[in-house]
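# Breakdown of the fold
So you can see what is in the structure, the chains are spelled out below.
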Amino acid sequence: MAFKFPKATTPQEVALRLNRGEKLYMLDVREPEEWAAGHLEGAKHIPLGQLSGRLHELDKSKEIIVICRSGNRSGLACELLNEKGFDVVNMTGGMNNWNDVVR
């Protein structure tokens with residue numbers, strides 16, 4: 001299954017940017033129990049199933065890095081947000097690959 005979204009990043013690239021002190025606008029689309037088990041500081045949490053009803057909570061003027069467990073749900077979220085005119089970047093590999101990153 002191929003996702004149609006213009007941009008992707010890796011957990012390593014996101015970690016590097018955060019470690020450099022960049023303020024990233026991140027959206028985590030995982031389920032509440034996944035979020036509770038650990039998430040990136042500063043990320044906004046909207047589960048994928050609630051996303052279309054909560055678009056008003058997102059800032060259209062900012063690039064949004066979309067995060068999930070493996071990159072599949074974030075890919076779906078990117079498709080939805082891209083269609084609505086948002087500037088999105090999918091974090092491929094998701095939080096599964098975050099543990100490999102030295103912080």
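By convention here, each chain's residues receive numbers from 1 onward along its written sequence. Per-residue local features are limited, in this predicted model, to residues with pLDDT of at least 70; the limit for side-chain atom pairs, both in listing and counting, is 80 or more; totals at the level of whole chains, interfaces and linings are taken over all residues. Computation of side-chain values covers all heavy atoms of the structure but excludes hydrogens and water.

The chain goes by Rhodanese-related sulfurtransferase in an unreviewed UniProt entry, where it is assigned to Paenibacillus favisporus.

### Description of helix H1 (residues 11-19)
Throughout this description, buried means an accessible area under 20% of the type-specific maximum (1.4 Å probe, protein chains only), exposed means over 50%, and partly exposed covers the range between. Each helix is a run of DSSP H or I of at least 4 residues and each strand a run of E of at least 2, with the numbering of both proceeding from the N terminus. Regarding H1, the residues found buried are Pro-11, Val-14 and Ala-15. Each buried residue of H1 sits inside an arc of 100 degrees when the element is viewed along its axis, so together they form one side. Here, residues are in contact when the closest pair of their heavy atoms is within 4.5 Å. Summarising the contacts, the buried residues of H1 are in contact with strand E1 (8-9), strand E2 (25-28), strand E4 (63-67) and strand E5 (87-91). At the exit of H1 stands Gly-21, carrying a positive phi of roughly 90 degrees. Directions drawn from the helix axis to the C-beta atoms are what define this arc.

### Remarks on the pairing of E2
For a regular strand, side-chain orientation follows a simple rule: the groups alternate between the two sheet faces. Between any two strands, at least two bridges found by DSSP are needed for them to pair. Here E2 runs beside E4; their pairing, made up of 4 bridges, is parallel. Looking at the pairing, Asp-28 lines up with Ile-67 of E4. One ladder, built from 2 bridges, connects E2 with strand E3 (residues 44-45); its direction is parallel. By the bridge assignment, Asp-28 is partnered in E3 with His-45.

### Focus on helix H3 (residues 72-83)
Helices are assigned an expected span. That span is 1.5 Å times one less than the residue count. Between its first and last C-alpha, H3 extends 17 Å over 12 residues, near the 16 Å set by a 1.5 Å rise per residue. Looking at H3, one finds that the buried residues are Ser-74, Gly-75, Ala-77, Cys-78 and Leu-81. For H3, the angular spread of buried residues about the axis comes to 160 degrees, placing them on one side. Buried-residue contacts for H3 involve E2, E4 and E5.

### Points about the side chain of Asp-28
Tracing the backbone shows Asp-28 in strand E2. Residue classification places Asp-28 among the buried positions, given a relative accessible area of 1%. Non-local contacts of Asp-28, meaning those with residues more than four positions away in its chain, are made with Trp-35, His-39, Lys-44, His-45, Ile-46, Pro-47 and Ile-67.

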